[in-house]
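Observations on the three-dimensional arrangement
Here is what each chain is made of, one letter per residue.
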Amino acid sequence: MELIRQEDKQKNDVTAEQLFYGGRVTRQSIIDSPTTNQFNFGLVSFHDGAKNHFHTHSSDQILFATEGVGIVANESDKIELKAGDTAFIPAGEKHWHGAADNHNFTHVSLAVPNSVTEVFLPES
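All values derive from a computational prediction rather than experimental measurement.

About the cut-offs
- Residues numbered from 1 in each chain as written.
- Predicted model: local features only at pLDDT ≥ 70, side-chain atom pairs only at ≥ 80, totals over all residues.
- Heavy atoms only, no water.
- Phe/Tyr/Trp six-rings, centres within 6.5 Å; stacked < 30°, edge-to-face > 60°.
- Helix = DSSP H or I, 4+ residues; strand = E, 2+ residues; numbered from the N terminus.
- Buried < 20%, exposed > 50% of the residue type's maximum accessible area, 1.4 Å probe, protein only.
- Lys NZ or Arg CZ within 6 Å of the ring centre and 35° of its normal.
- Core = buried A, V, L, I, M, F, W, Y, C linked by side-chain atoms within 4.5 Å.
- Contact = heavy atoms within 4.5 Å.

**Re the packing of aromatic side chains**
According to the stated counting rule, one finds 2 aromatic pairs in the structure shown. Measuring from ring centre to ring centre gives 6.5 Å for phenylalanine 46 and phenylalanine 105, while their planes differ by 25°; the resulting arrangement is stacked. Here phenylalanine 46 is found in strand 4 (residues 40-46), whereas its partner phenylalanine 105 is found in strand 11 (residues 105-111), with 59 residues between them in sequence. Of the two residues examined, phenylalanine 46 and phenylalanine 105, each falls in the buried class. An aromatic cluster is defined as three or more aromatic residues linked by ring pairs; in this entry it consists of Phe20, Phe46 and Phe105. The ring of phenylalanine 54 has lysine 94 sitting right over it, with the charged end atom 5.6 Å from the ring centre.

**Focus: the nonpolar core**
Counting residues in hydrophobic clusters, the biggest one holds 15 residues, and the most contacted among them are Phe20, Val25, Phe46, Val72, Leu81 and Phe105. Sorting the residues of this core by element identifies strand 4, strand 7 (61-74) and strand 9 (86-89) as the ones contributing at least two each. A per-element tally of this core places strand 7 first, with 3 residues. Excluding residues that lie within four positions of it along the chain, valine 25 makes contacts with Asn12, Asp13, Val14, Thr15, Phe20, Val44, Ser45, Phe46, His47 and Ala50. Among the nonpolar cores identified, the runner-up in size contains 5 residues, and Ile71, Ala73, Trp96 and Ala100 belong to it.

Right under this line is the structure:
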């Protein structure tokens, strides 16, 4: 057994990654390799209106909202998430998520370590 304290894990600014737009985004990996080869478990924080582009994952993804107000959407539905809500996104489903306008939003993201993300950028 191992105790991992959130305050001991580094928060990384990932705003410049291709996946994100609209504002600042940080990612804090809580549990991943080499601790486990079973899960990627981390906190993602979207600041006021920051979102990600449509994307898919090669594995299922679970998002557990911990604070603020966020949105998770696929090509036909758009759902508001608040602290305590959970979104299940099946492998291969095209979706996006992020902070609702004028709100910050943090969620726990859970997926398998070898999950591949494909990003769909808007056509210019």
